[in-house]
Structure formats: structure tokens, C-alpha cells
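Residue-level listing of the chains:
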Amino acid sequence: MSSGGRLALALSVVVLLAFTAPCSAATLQAGFYKGKCGLVDVESVVATVVAAQFARDRSIVAALLRMQFHDCFVNGCDASILLDGSSSEKTAGPNLSVRGYDLIDAVKAAVEAICPGVVSCADIIVMATRDAVALAKGGRYGVQTGRLDGKVSLARNVNLPGPSITVSQAASAFAQKGLTISDMVLLLGGHTVGIAHCSLFQDRLYDFNGLGKPDPTMDPKLVAALRPRCPQSATLDNTVDLDQNPTSALVVDSSYYKQVLARRGVLQIDQELASDRRSKSLVATLANATDFSARFGRAMVKLGALQSRLPGEIRRSCRALNKRR
Ligand code: HEM
């Protein structure tokens, strides 16, 4: 190619880049919204709405933690889970029981009312989760902001780990996202709050591995306690607390690890963390750790740093793409 040709090619690449929609892989920073909405402190608007919901229903903490995981694991933290549509991510099996969409709508309405078109839905998920964890005594970690909302949301892209996956399989799913096995063990600490449907661990109570007996790794007392709530012939899919310590089922603390050490993990993956050679020592450490909150917070920040490389925008409604003007 002649030098003139090369120059023309280089120029056309520059022009193309300049006119491409912004990429979701924005630079994240602490306090991104400072000064972007006049004197309004965006983070405290978010915190106020979350606190009001928490006062009504503390289960919002679990809803948001799971929502952030399910959002960030599919195409990065780009709020793709929030988009409505007949084949969008929220219609995929693992997302059917994700909750908290109304709270996100309420936060978005509050920020749009005072500062339209500035705060992304992706950042709202991350900020609201951080606030909810702090309210549930999980400590306050500092989050970075500046994410854009993605434009692609397809159920077929949802490839989240299932409850009966092995630790090795789960670890490779996390490794594909650049997260270590320690990150995974810490993030699974999110199961210190929230609920699980009986259908997702029923086999452990009655017929583990098709042998007609309960999972031998589950404390028989827990098997007996969960069976009435999860009868074999049930027509309703009931739920039970993931943290089977009744005094801390709504608290973000290290009780989850104590429970799995006592063979009282509800999901198979939870229980396997206590026996797999790659995870068991960290589980034992975390069960008695005084710095669980700080470590969990750091892992949540790492989860929140997963980014999409696709073009993004600041959605006006978290449930729909912006209309072309
Ligand atoms: C290997 C990884 C994981 C697997 C296999 C897994 C699996 C599950 C399953 C099967 C449920 C029950 C869902 C239902 O019954 O509807 C659940 C609930 C939950 N998960 Fe996970 N999870 C994983 C990682 C995480 C992570 C990383 C977080 C957050 C940091 C998280 C937070 C939660 C929360 C809070 C709930 C309760 C949700 C609610 O109460 O609505 N999970 N998880």
C-alpha cells in the first residue's frame, strides 16, 4: 500500500472510532457522579431509596446481591439483566426467580427526577447492592462507578452456574471471568442471606445421585428439618433460607461458612466448598474471620469491575433501550 493509502486508512479508522457509540468498557472510578448533577449527591439519593425499601422488607439485600451476580456474569455489569423482552436475559431459567427490579425502577425514577440522563442503570445495581449490604451489617465497601448500560440482552447468552455444579466446574466458570477461586468462595458468601427453592436441592433430601437416600454430606438433622418444608410430592415449590442459622438469615456475615462447616449448607455447591481441597481451608478461615466484611466487599468490587466491551448508553428507563431520536 502507498504511504497515501496508509494515511487514508489510518484517518478512516480514527473517524470510525470517533463516531462509534461509547463502549461499555468505560473507565470506572470512585465518585464518578460527583459534580455531574450539580449539587445533588447521586449516591445519597440511591441510598435513601434503598434504605426505605430495606425498612419495608429486608430481603431486598439478597435480591440485589443475586441481581448483581447475574448481571455481571453475563456480558459484564451492564444492566442487561434489566431489559424487558420476550427473549431477554431475565427470561432465562436461572433469572426467573431474580427479584428487585421494582427497587431499581424506584431508584432510577428518583435520580432521573433530579438529574436526567446521567446515571446508568448498571451503576444503580452496583450502588444499591453496596448500600443494601451495609444496611444488613455487611460493612460498607467503596464502589467505583461510570458504567454504561448495554444494548444486548439475550436469554441464550445466560450461562450461569447451576446449584449442583462441582467446585472445579464453578471455579472454571469464575476463572473465565478473571475471578480466582478465593474470589468465588468469598462471593458465595452472598448465600449468607436469601432463599432457595426446594426444587433446586430436593435431591439432597430424598434421592441423592439416584440412590434413594439423602445426601450423606448433609447433617441428618437438617435433612429432617427441611423435609416438611420441601415434601416430595409438593405441588408448590417452597423456599428455605440459604443460611440455616435463624438468627443471621438476614444478616451479611460469616455465618454461611460456619453452617457449611457444620454440614448445614443448603445447595450442593455450598456444601462442596467445605470438602473440596481447593476451597476448604478458606472456608475454615472465613468461618472465624473478623475481616469477612472487608474481604467480601473487595470481592464484590472485583465482581463489579467485570465489563462489557460492547457499545453502551445511559438508559432513560432501565427496562428498555433508548429510542433513536
Ligand atoms: C457457583 C456460583 C453460584 C451458584 C451455583 C448459585 C446458585 C444459587 C441458587 C440455585 C440460588 C437459589 C435460587 C432460587 O431458588 O430461586 C441462589 C440464590 C442466591 N444467590 Fe447464588 N449462586 C452462586 C453464586 C452467587 C454469588 C456470587 C452471589 C452474590 C455475590 C449469590 C447470591 C445469591 C443470593 C443472595 C441468593 C438468594 C436470592 C433471593 O433470596 O432472592 N450467588 N444462588
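Residues numbered from 1 in each chain as written. Predicted model: local features only at pLDDT ≥ 70, side-chain atom pairs only at ≥ 80, totals over all residues. Heavy atoms only, no water.

- Named according to an unreviewed UniProt entry, the protein is Peroxidase originating from Rhodamnia argentea.
- If you open the UniProt record of the protein and go to Catalytic activity (unreviewed entry), you find "2 a phenolic donor + H2O2 = 2 a phenolic radical donor + 2 H2O". (UniProt positions renumbered as here; feature names shortened; annotations may be inferred.)

### Section: the site of the ligand
Then, in step 1: Taken together, the neighbourhood of the ligand is formed by 25 residues, with S97, R99, H191, I195 and H197 sitting nearest.
Then, in step 2: In the model, an oxygen atom of the ligand is placed 2.6 Å from a nitrogen or oxygen of the S97 side chain.
Then, in step 3: Measuring from an oxygen atom of the ligand, one finds a backbone N or O atom of H197 at 2.6 Å.
Then, in step 4: In the shell around the ligand, the residues fall into 17 nonpolar, six polar and two charged.
Then, in step 5: Built from parts of two domains, the shell around the ligand gets at least three residues from each of domain 1 (22-160 + 304-313) and domain 2 (167-300). (Near = heavy atom within 4 Å. Polar contact = N/O pair within 3.5 Å; in protein donor to acceptor, adjacent residues only side chain to side chain. Nonpolar A, V, L, I, M, F, W, Y, C, P; charged D, E, K, R; others polar. Domains from an automatic or database assignment.)

### Section: the packing of helix 4 (residues 101-114) against helix 5 (residues 121-135)
Then, in step 1: As a packed pair, helix 4 and helix 5 sit with axes 10 Å apart at the nearest point and diverge in direction by 115°. Classed by the angle they form, the pair helix 4 and helix 5 counts as roughly perpendicular. The interaxial crossing formed by helix 4 with helix 5 has right-handed handedness. Contacts between helix 4 and helix 5 involve L103, I104, V107, K108 and V111 from the first element and C121, I124, I125 and A128 from the second.
Then, in step 2: Class assignment of the residues belonging to the contact of helix 4 with helix 5 gives a composition of eight nonpolar, no polar and one charged. (Axes fitted to C-alpha atoms, helices over the stretch in contact; angles between N-to-C directions. Helix = DSSP H or I, 4+ residues; strand = E, 2+ residues; numbered from the N terminus. Parallel < 35°, antiparallel > 145°, perpendicular 65-115°, else oblique. Left-handed = near helix turned anticlockwise from the far one by under 90°. Contact = heavy atoms within 4.5 Å.)

### Notes on the coordination of the iron atom of the ligand
Then, in step 1: Of all protein atoms, just one serves as a donor to the iron atom of the ligand, and that atom is H191 (NE2), at 2.1 Å.
Then, in step 2: Inspection of the secondary structure assignment puts H191 in the loop between helix 7 (181-188) and strand 5 (195-197). (Donors = N, O, S within 2.8 Å, 3.2 Å for Na, K, Ca; no water.)

### Description of the domain arrangement of the protein
Frequently, the measure chosen for interface size is the accessible area removed from exposure when the parts meet.
Then, in step 1: Split by domain assignment, the protein resolves into domain 1 (22-160 + 304-313) and domain 2 (167-300).
Then, in step 2: The distance between the C-alpha centroids of domain 1 and domain 2 comes to 25 Å.
Then, in step 3: Summed over both partners, the interface of domain 1 with domain 2 buries about 1400 Å², with 73% contributed by carbon and sulfur atoms.
Then, in step 4: Here domain 1 and domain 2 share zero salt bridges between them.
Then, in step 5: Here domain 1 and domain 2 share four residue pairs in polar contact (both at pLDDT 80 or more) between them.
Then, in step 6: Among the secondary structure elements, those contributing two or more residues to the side of domain 1 that touches domain 2 are helix 3 (60-72) and helix 5.
Then, in step 7: In terms of residues, the side of domain 1 that touches domain 2 owes the most to one element, helix 3, which gives five residues.
Then, in step 8: Of the residues belonging to the side of domain 1 that touches domain 2, the class tally is nine nonpolar, seven polar and two charged. (Buried area = accessible area lost by both parts, 1.4 Å probe. Salt bridge = Lys/Arg side-chain N within 4 Å of Asp/Glu carboxyl O.)

### Notes on the confidence of the model for the protein
Then, in step 1: Of the residues in the protein, 92% have a pLDDT of 70 or more, and the chain-wide mean is 93.
Then, in step 2: Across residues 7-20, where pLDDT falls below 50, the model places one contact with residues more than four positions away in sequence or in other chains. (pLDDT = per-residue confidence, 0-100.)

### Description of the UniProt feature "binding site: substrate" (unreviewed entry) in the protein
Then, in step 1: Per the UniProt record, "binding site: substrate" (unreviewed entry) is found at P161.
Then, in step 2: Among the structural elements, P161 can be located in the loop between strand 4 (149-150) and helix 6 (167-175).
Then, in step 3: Excluding its chain neighbours within four sequence positions, the residues that come into contact with P161 are F69, F73 and F174.

### Quick notes on the state of the cysteines
Then, in step 1: Taken as a whole and judged by the stated rule, the model has four disulfides.
Then, in step 2: Each sulfur in the disulfide pair C121 and C318 lies 2.2 Å from the other. Given an S-S torsion of about -95°, the disulfide between C121 and C318 has left-handed geometry. With C121 in helix 5 and C318 in the segment after strand 7 (312-313), this pair connects stretches of sequence that are 197 residues apart.
Then, in step 3: Given a relative accessible area of 3%, C318 falls into the buried group.
Then, in step 4: The disulfide partner of C198 is C230, and the S-S distance across this bridge is 2.1 Å. Since a negative S-S torsion denotes a left-handed disulfide, the C198-C230 link at about -65° is left-handed. Taken together, the residues C198 in the loop between strand 5 and helix 8 (202-206) and C230 in the loop between helix 9 (220-226) and strand 6 (239-241) connect sequence positions 32 residues apart. Both residues of the pair, C198 and C230, count as buried. (Disulfide = S-S within 2.5 Å. Buried < 20%, exposed > 50% of the residue type's maximum accessible area, 1.4 Å probe, protein only.)

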